[in-house]
Amino acid sequence: MLRWTRVPEADAYRVRVWNQEGDVVWSSETRDTTLLMPPELKAETTYLWEVNARIGWDRWVASDFIEFRIGTSDKR
């Protein structure tokens, strides 16, 4: 699950995930501060993600980029 801290006065959030080549591999918008991990992300792979908060009409503030790694999908 992707989770972030609520931004005061934000009415929407845009989340984007990049692969190591710099391509956006997933994007979503929500009014909540959590999103389920997208199923298209691959195990044993490192990604970057950021959250943008909309704080006014077409006015967005961005988080820092955060690196994360998807663990193994092996269920023993």
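It should be noted that the structure appears before, not after, this text.
How each quantity is defined
Residues numbered from 1 in each chain as written. Predicted model: local features only at pLDDT ≥ 70, side-chain atom pairs only at ≥ 80, totals over all residues. Heavy atoms only, no water. Pairing = 2+ DSSP bridges. Helix = DSSP H or I, 4+ residues; strand = E, 2+ residues; numbered from the N terminus. Core = buried A, V, L, I, M, F, W, Y, C linked by side-chain atoms within 4.5 Å. Buried < 20%, exposed > 50% of the residue type's maximum accessible area, 1.4 Å probe, protein only. Contact = heavy atoms within 4.5 Å. Phe/Tyr/Trp six-rings, centres within 6.5 Å; stacked < 30°, edge-to-face > 60°. Lys NZ or Arg CZ within 6 Å of the ring centre and 35° of its normal.

Visitor: Sorry, what's going on with the pairing of strand β6 (residues 59-62) here?
Guide: Remark: a regular strand shows side chains that alternate across the two faces of the sheet. Here strand β5 (residues 46-56) runs beside β6; their pairing, made up of 4 bridges, is antiparallel. Its bridge partner lying in β6, alanine 53 is registered against valine 61. In this structure, the hairpin formed by β5 and β6 is closed by a connection of 2 residues, where aspartate 58 is found at a positive phi of approximately 55°.

Visitor: Could you clarify how one ought to interpret the nonpolar core in this entry?
Guide: Nonpolar side chains tend toward joint burial in soluble globular proteins. In terms of nonpolar packing, the biggest core is built from 14 residues, with Leu2, Trp4, Val15, Val17, Trp49 and Phe68 touching the most fellow members. Looking at this core, the elements with two or more residues in it are β2 (12-18) and β5. If you tally residues by element for this core, the top one is β5, at 4 residues. Beyond its immediate stretch of four places on either side in the chain, valine 17 contacts Leu2, Asp23, Val24, Val25, Trp26, Leu41, Tyr47, Leu48, Trp49 and Phe68.

Visitor: For this particular structure, what's the right way to read the packing of aromatic side chains?
Guide: Aromatic ring pairs are described here by two measures, namely the spacing of the ring centres and the angle between the planes. Scanning all chains against the criterion turns up 4 aromatic pairs. The ring of tryptophan 60 has arginine 14 sitting right over it, with the charged end atom 4.0 Å from the ring centre.

Visitor: What should I look at first to understand the environment of valine 25 in this one?
Guide: Here valine 25 lies in strand β3 (residues 24-30). Exposure remark for valine 25: the relative accessible area of 32% places this residue in the partly exposed category. In this structure the C-alpha to C-alpha distance between valine 25 and leucine 2, which are 23 residues apart in sequence, comes to 15 Å. The residues contacting valine 25, other than those within four sequence positions of it, are Val17, Trp18, Asn19, Glu40, Leu41 and Tyr47.

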